[in-house]
Amino acid sequence: MDENNDEIEIKREPEVVSQKKVNKLAEAKALIEASQEQVAKVDSEIAECKVGVSEAAKNFAIAKETFNEETFNNCETLLESAGFDYTTFEEADGFELAVDSSDDELFSVRDLSSGRFTGLMLAIIVALITVGAWVCLAMSKLGIDANSINLENATSQINPILTWIGGDMISANGNMTAGALILGFSALIMGWLAYAIRINLKGTKNLRVAQETFDKSTEYCMTQEDCQREMKKVDAHLREVTEEITNLDTVLNEQASVLKRIIHVEGVYDDEKIYHPSSKKVMRETEKIMRASEHLLSTAITEDKKLNFQSVQALNTARGIYAEYLSRIYD
């Protein structure tokens, strides 16, 4: 993974928000879309990092198991045959290999309701109330008893009500058509006002919620960016450790071959056996390489789900041992 090119780009508020006056619903929608886009992007990148770390951890585990069960055990057995006491050190802390992926902090961006449906329902209700208010007022002025109206006389009762609304209420010549128009227009205007107020209030609320959501999503993305950086560190470290295991495996296999030759030529250790100084040097060198290898493979890769500095030090020590071994051969 390329740490330099995978930086998460946190989006800023879309241009629509900073343009000249646009409706609040459009602003809120743009902010929500921006939030959804940046959260989806960072979650996708985190998922990709997890795959990389998982693969690196798998390769590390395989290399570690092979090294310990074959090469390391073989060298330990050969040293024992040569009477060289190699003591495996006890781990001070438990081995940990876990990264902080912030699964408990996953952020979800919800779509906003425009309020149009509820606004329409409210407009219908207000329009009906307006019509009802007109009718009740007219009936009150005309002295019409609501209980006296039925299906048979409804038409004859409605006519005077519309006439009153159409002009009689202001002592003008009443007109049923004018009354119907006044009734319809007043209901329409009141319904439209109710709808407009509802949409405006909902738009204001949506814009506030969308802005809060955008701010939270930006903060979430920044947190996930830090998490991603740490995961990349662990991923890179795992790959480097796995590579170093291969190097140490090659070195120890060579040491094992020399130890086999020593035991074959000089014999298995007994109380009277004294090995040649050069043979003892090979044993000490083998012990040194084994010790560095064991320390590297036994040190926790992570601590509190962060890259463990002790593991980095163990890797540097192992690299130094390997470099020292190569210098003895080629210098």
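Residues numbered from 1 in each chain as written. Predicted model: local features only at pLDDT ≥ 70, side-chain atom pairs only at ≥ 80, totals over all residues. Heavy atoms only, no water.

1. A short note on the UniProt feature "transmembrane region" (unreviewed entry) in the protein
Part 1 of the reasoning: Under the local residue numbering, the UniProt record ascribes the feature "transmembrane region" (unreviewed entry) to residues 120-140 and 178-197.
Part 2 of the reasoning: Annotation note: span residues 120-140, helix share 100%, strand share 0%, distance between end C-alpha atoms 30 Å.
Part 3 of the reasoning: Helix makes up 100% of residues 178-197 and strand 0%, whereas the separation of the span's terminal C-alpha atoms amounts to 28 Å. (UniProt positions renumbered as here; feature names shortened; annotations may be inferred. Helix = DSSP H or I, 4+ residues; strand = E, 2+ residues; numbered from the N terminus.)

2. A few points about the nonpolar core
Part 1 of the reasoning: The biggest cluster of nonpolar side chains holds 42 residues, and the ones touching the most others in it are Leu238 and Met283.
Part 2 of the reasoning: Residue assignment for this core shows that the elements contributing at least two residues are helix 2 (24-81), helix 5 (176-266), helix 6 (277-298) and helix 7 (309-330).
Part 3 of the reasoning: Broken down by element, this core gets its largest block of residues, 13 residues, from helix 5.
Part 4 of the reasoning: Ignoring sequence-local partners within four residues, the contact set of Leu238 consists of Val53, Ala56, Ala57, Phe60, Leu97 and Ile301.
Part 5 of the reasoning: Of all hydrophobic cores here, the second largest spans 9 residues; its members include Ala138, Leu162, Ile165 and Leu183. (Core = buried A, V, L, I, M, F, W, Y, C linked by side-chain atoms within 4.5 Å. Buried < 20%, exposed > 50% of the residue type's maximum accessible area, 1.4 Å probe, protein only. Contact = heavy atoms within 4.5 Å.)

3. Looking at the packing of aromatic side chains
Part 1 of the reasoning: If you walk through the whole model with that rule in mind, you get 3 aromatic pairs.
Part 2 of the reasoning: Each ring, one from Phe67 and one from Phe72, has its centre 6.3 Å from the other, and the planes form 45°; the classification is tilted. Neither Phe67 nor Phe72 differs from the other in exposure class; each is buried.
Part 3 of the reasoning: Measuring from ring centre to ring centre gives 5.8 Å for Phe72 and Tyr86, while their planes differ by 75°; the resulting arrangement is edge-to-face. Of this pair, Phe72 sits in helix 2 while Tyr86 sits in the loop between helix 2 and helix 3 (116-142), and the two are 14 residues apart along the sequence.
Part 4 of the reasoning: For Tyr86, a relative accessible area of 7% translates into the label buried.
Part 5 of the reasoning: Taken together, the aromatic side chains of Phe67, Phe72 and Tyr86 make up a single cluster linked through ring pairs. (Phe/Tyr/Trp six-rings, centres within 6.5 Å; stacked < 30°, edge-to-face > 60°.)

4. Regarding unusual backbone geometry
Part 1 of the reasoning: Non-glycine residue Asp304 carries a positive phi angle of around 55°.
Part 2 of the reasoning: Take Asp304: it is sitting in the loop between strand 1 (302-303) and strand 2 (306-307).
Part 3 of the reasoning: The class for Asp304 is exposed, based on a relative accessible area of 64%.

5. Things to note about the state of the cysteines
Part 1 of the reasoning: Applying the stated criterion across every chain yields a total of 0 disulfides.
Part 2 of the reasoning: Free cysteine Cys49: the closest other cysteine sulfur is in Cys227, separated by 8.1 Å.
Part 3 of the reasoning: When its relative accessible area of 2% is taken as the criterion, Cys49 is described as buried. (Disulfide = S-S within 2.5 Å.)

6. A short note on the packing of helix 2 against helix 5
Part 1 of the reasoning: Helix 5 packs onto helix 2 with a crossing angle of 15° between their chain directions and a minimal axis gap of 6 Å. One element, helix 2, and the other, helix 5, form an angle in the roughly parallel class. Crossing of helix 2 over helix 5 shows left-handed handedness.
Part 2 of the reasoning: For the contact of helix 2 with helix 5, the class distribution of residues is 33 nonpolar, 19 polar and 11 charged. (Axes fitted to C-alpha atoms, helices over the stretch in contact; angles between N-to-C directions. Parallel < 35°, antiparallel > 145°, perpendicular 65-115°, else oblique. Left-handed = near helix turned anticlockwise from the far one by under 90°. Nonpolar A, V, L, I, M, F, W, Y, C, P; charged D, E, K, R; others polar.)

7. Observations regarding helix 3
Part 1 of the reasoning: Under the 1.5 Å per step criterion, the end-to-end length of helix 3 is 39 Å for 27 residues, consistent within 8% with the ideal 39 Å.
Part 2 of the reasoning: Regarding helix 3, the residues found buried are Gly119, Ala123, Val126, Ala127, Thr130, Trp134, Ala138 and Met139.
Part 3 of the reasoning: Positive backbone phi, approximately 70°, marks Gly143, located one or two places after helix 3. (Expected span 1.5 Å × (residues − 1).)

8. Looking at the packing of helix 2 against helix 6
Part 1 of the reasoning: Orientation of helix 2 relative to helix 6, taken along the N-to-C sense of each, is 155°, at an axis distance of 11 Å. Compared by their axis directions, helix 2 and helix 6 come out roughly antiparallel. Between helix 2 and helix 6 the crossing geometry is left-handed. For the pair formed by helix 2 and helix 6, the contact residues are Phe60, Lys64, Phe67, Asn68, Phe72, Cys75, Glu76 and Leu79 on the first element and Met283, Thr286, Met290, Ser293, Glu294 and Leu297 on the second.
Part 2 of the reasoning: A per-class count over the contact of helix 2 with helix 6 returns 8 nonpolar, 3 polar and 3 charged.

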